[in-house]
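# Structure at a glance
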Amino acid sequence: MQIEEIRKQWRQIMAAKELKQVSELLRQSPERDILMQRGKELCAHTFVFDHPWDMERCLTPHTLEIMNWNQVFNEDEEWTFMLNRMDYWSVLAKAALISQDTRYLDQAKDFLLDWIAQHPHIEYSLSTRTLDTGIRIVNMLECAMLLEVSEKLTEEELRQILDSVDQQMTYLKANYIEKYTLSNWGSIQTCGLIVCCAMMGKDPETDEIYRWALDELETQVQIQIGEDGMLWEQSTMYHVEVLNNLLRVLEYAQFYPIPLSSQIKDKVHAMVHALMHMMMPDHQIETFGDSDRVNAEDVMNRGAVLFDDPQLRAMGNDVGDSDLLVNGGMPAWRKLQTMPKQTPTQLLYAGADCGIVVRRSDFGPEAEWMMVLNGELGSGHGHSDNLHYSLVHRGVPFVIDPGRFTYREDHPVRVELKGMSAHNTVVLDDQPGSVPDSSWTYQKFLRPLATVVRDTPQALYWEGGVLTQQPQMTHIRKMIMLPQGCWLICDEIFCAGEHKVVSRIQLDPQVTVIGEGADRQLKHAKAQLQYHHEGLPLSVQTGPCSLRYNELLDHSVLVSQGIMRDQLFQDELFYGEDFRLERAEVIQPGRGKCSVEEVSAWRFIRGEETYTCVIFHQQLYQGKKILFCEGLPLHNQACLIIRKGDQKKLIRLK
């Protein structure tokens, strides 16, 4: 271990960041006050985990008068795991840069050396889980780098830190298990190992751990990330956790000769673009899987700088964030400020591997946006959300996924929020097709069927289905989205015999339901969405909702329930307050009007414009095959008829 070479490289990296100018910008940052508050709390050993990408946030301050790295608060071991990741070192670094007060760096050093002193040998405990160790070792070295250039470390102290990181890396390699190859636990660990090996001057050709980590990362990226750019685990939050660690590897590859294949770089770039589509119009992510509602502009900025991508730049922000300033320094900041913006033109994301489809009207802040799910189970972070849909109208979330709340095994809301009753799905006889039986495992899981996606400039058509056992139900969901802010959702449910049916639509906590019967108004302070239900009796109930870890809210749920015999067809319609709704008719010559069991047909009317959505539920095997709607002949399973004045146009969707 050549300490002088390590020091020399560290000083070059930190000099390139131009910390004096970084300090000036941090003083002007909108994050300044909260950073200083958190810095002072940390100096008093008070911990609050409120970084946007903290995997398990905890906004309740907890104080450790004497550092016990295995302390548990809130009856949640996740708090202990957050403590031992040491992500908060960067808060102390930012507070030091803002204030030029060395006590913040002194505190960061104390945390580092205290952890090392309490862990002379690395053995398994709450403070040494492998995932947290993979995160901590990078934080230790990045903190040591700043302490080193600030003349805060003696050579002996630096050796202690390097020796401890070496021990922890050996521990990670020795405790690496097979399932990590397919897990965010594994990719986060290997990313940490690669960055630390580079920072410690190890040779990727001769160092066993370095070489192994590079090979393992190649395999992980190949099987964890689909060609559509999404992490297989069915959680946007953990997609970002893996993505952020991969971005850090690529960023360090600018300073160290880290041998990475073009496949890794291309997959990481695809991951940022997939996230770009997952972002709602306000640039927050939906609480899909085990996710929080978090603004993702910082990841867009980071990807824009790394890949010279003007589309990602357009989805970021102009202010930049404190992480970009500290990690990328002035070169990253200047690049961000001078990079051109290019509004993305691809409005549809159809994830062939992940089963996620996202369609928006545009990339503006008041866009119409829809996310529909029908993927495979994924990891323990996946929820029972097949056929779930989330809707945003005029930039405002109306229909949502209610989140995760906690990972505590003893809390019933954890399992409830993972289940089908917490998603916009259908359950027969109180026997859901997918049943989580613990925080991470399932008793059973339904079978997703293939989806159909047809996108045109005028409308999106989506169709998917699932099969369940006991009872043996086939549920087909068909949807048409109009970019003007109208949706038709048709449920086709087939199951022999008589059954109790419950269908739910989860609403954002800020949405109020007004009205009675089949027609309701969904009101938000910034927008209003009209809703019409055609099917079983409708009521409004209250359920649990969690937009962020450790935060539990109540929200309204639209619930339709009743008895079906053999089959049931239900329509859900959402439309902007500038539209009105009418039922349309489909005529079969020689027979007359088609029944509601055969077809759903609805007009969305706004001024001189009419948009008629038609979705068939049955095959026409008797009588004439030509049909008529709005005076136009058709033979489709799904179509849209647009009338403007005297002009009519039919768009075939299926």
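Each remark here, short or long, concerns the structure printed above.
### Here we look at the sheet that holds strand S27 (residues 632-634)
Two strands in a sheet stick together by hydrogen bonds in their backbones, pointing the same way (parallel) or opposite ways (antiparallel). As summarised here, the arrangement of the 4 strands in space is S23-S22-S26-S27, forming an open sheet in which the pairing is antiparallel. Of all strands in the sheet, those bounded by a partner on one side alone are strand S23 (592-593) and S27. Here 3 bridges tie strand S26 (residues 627-629) to S27, and the two strands are oriented antiparallel to one another. Bridge pairing links Cys629 to Leu632 in S27.

### Some remarks on the pattern of salt bridges
Inspection of every chain in the model, using the stated rule, returns 45 salt bridges. In this structure, the salt-bridge partner of Glu551 is Arg57, at a minimum N-O distance of 3.4 Å. Placement of Glu551 in strand S20 (residues 551-576) and of Arg57 in the loop between strand S1 (46-49) and strand S2 (58-63) is noted, with a sequence separation of 494 residues between them. The salt bridge partner of Asp318 is Arg313, with a shortest N-O separation of 2.9 Å. Note on Asp318: relative accessible area 44%, which makes it partly exposed. Given the relative accessible area of 2%, Arg313 is considered buried. Here the salt bridges do not stand alone but share partners, grouping Glu4, Arg7, Arg11, Glu148 and Glu151 into one network.

### Quick look at helix H7 (residues 130-149)
In this model, H7 (20 residues) spans 29 Å end to end at C-alpha, consistent with the 28 Å of a helix rising 1.5 Å per residue. Where burial is concerned, most of H7 is hidden: 19 out of the 20 residues are buried. Looking one or two residues beyond H7, the residue adopting positive phi is Glu151, at roughly 60°.

### Quick look at helix H15 (residues 322-338)
For H15, with 17 residues, the first-to-last C-alpha span of 18 Å runs short of the 24 Å given by 1.5 Å per residue. Listing the buried residues of H15 in full gives Ser322, Asp323, Leu324, Leu325, Val326, Gly329, Met330, Ala332, Trp333 and Leu336. The residue sitting at the N-terminus of H15 and contributing the capping side-chain oxygen is Asp321; that oxygen lies 3.0 Å from the backbone nitrogen of Asp323.

### Quick word on the packing of helix H11 (residues 236-252) against helix H12 (residues 262-278)
Relative to each other, H11 and H12 sit at 140°, their axes nearing to 10 Å. Put simply, H11 runs oblique to H12. Between H11 and H12 the crossing geometry is left-handed. Between H11 and H12, the residues in contact are Thr236, His239, Val240, Val242, Leu243, Leu246, Leu247 and Leu250 and Lys265, Val268, Met271, Val272, Ala274, Leu275 and Met278, respectively. Looking at the contact of H11 with H12 residue by residue, the class counts come to 12 nonpolar, 2 polar and 1 charged.

### Regarding the nonpolar core
The biggest cluster of nonpolar side chains holds 134 residues, and the ones touching the most others in it are Trp10, Phe47 and Ile356. When residues in this core are grouped by element, the largest group, 11 residues, is from H7. When neighbours within four sequence positions are excluded, Phe47 is seen to be in contact with Leu42, Thr60, Pro61, His62, Leu64, Met67, Trp79, Leu83, Tyr88 and Phe111. Of all hydrophobic cores here, the second largest spans 31 residues; its members include Leu348, Val396, Phe398 and Met479.

Parameters and conventions
- Residues numbered from 1 in each chain as written.
- Predicted model: local features only at pLDDT ≥ 70, side-chain atom pairs only at ≥ 80, totals over all residues.
- Heavy atoms only, no water.
- Pairing = 2+ DSSP bridges.
- Helix = DSSP H or I, 4+ residues; strand = E, 2+ residues; numbered from the N terminus.
- Salt bridge = Lys/Arg side-chain N within 4 Å of Asp/Glu carboxyl O.
- Buried < 20%, exposed > 50% of the residue type's maximum accessible area, 1.4 Å probe, protein only.
- Expected span 1.5 Å × (residues − 1).
- Polar contact = N/O pair within 3.5 Å; in protein donor to acceptor, adjacent residues only side chain to side chain.
- Axes fitted to C-alpha atoms, helices over the stretch in contact; angles between N-to-C directions.
- Parallel < 35°, antiparallel > 145°, perpendicular 65-115°, else oblique.
- Left-handed = near helix turned anticlockwise from the far one by under 90°.
- Contact = heavy atoms within 4.5 Å.
- Nonpolar A, V, L, I, M, F, W, Y, C, P; charged D, E, K, R; others polar.
- Core = buried A, V, L, I, M, F, W, Y, C linked by side-chain atoms within 4.5 Å.

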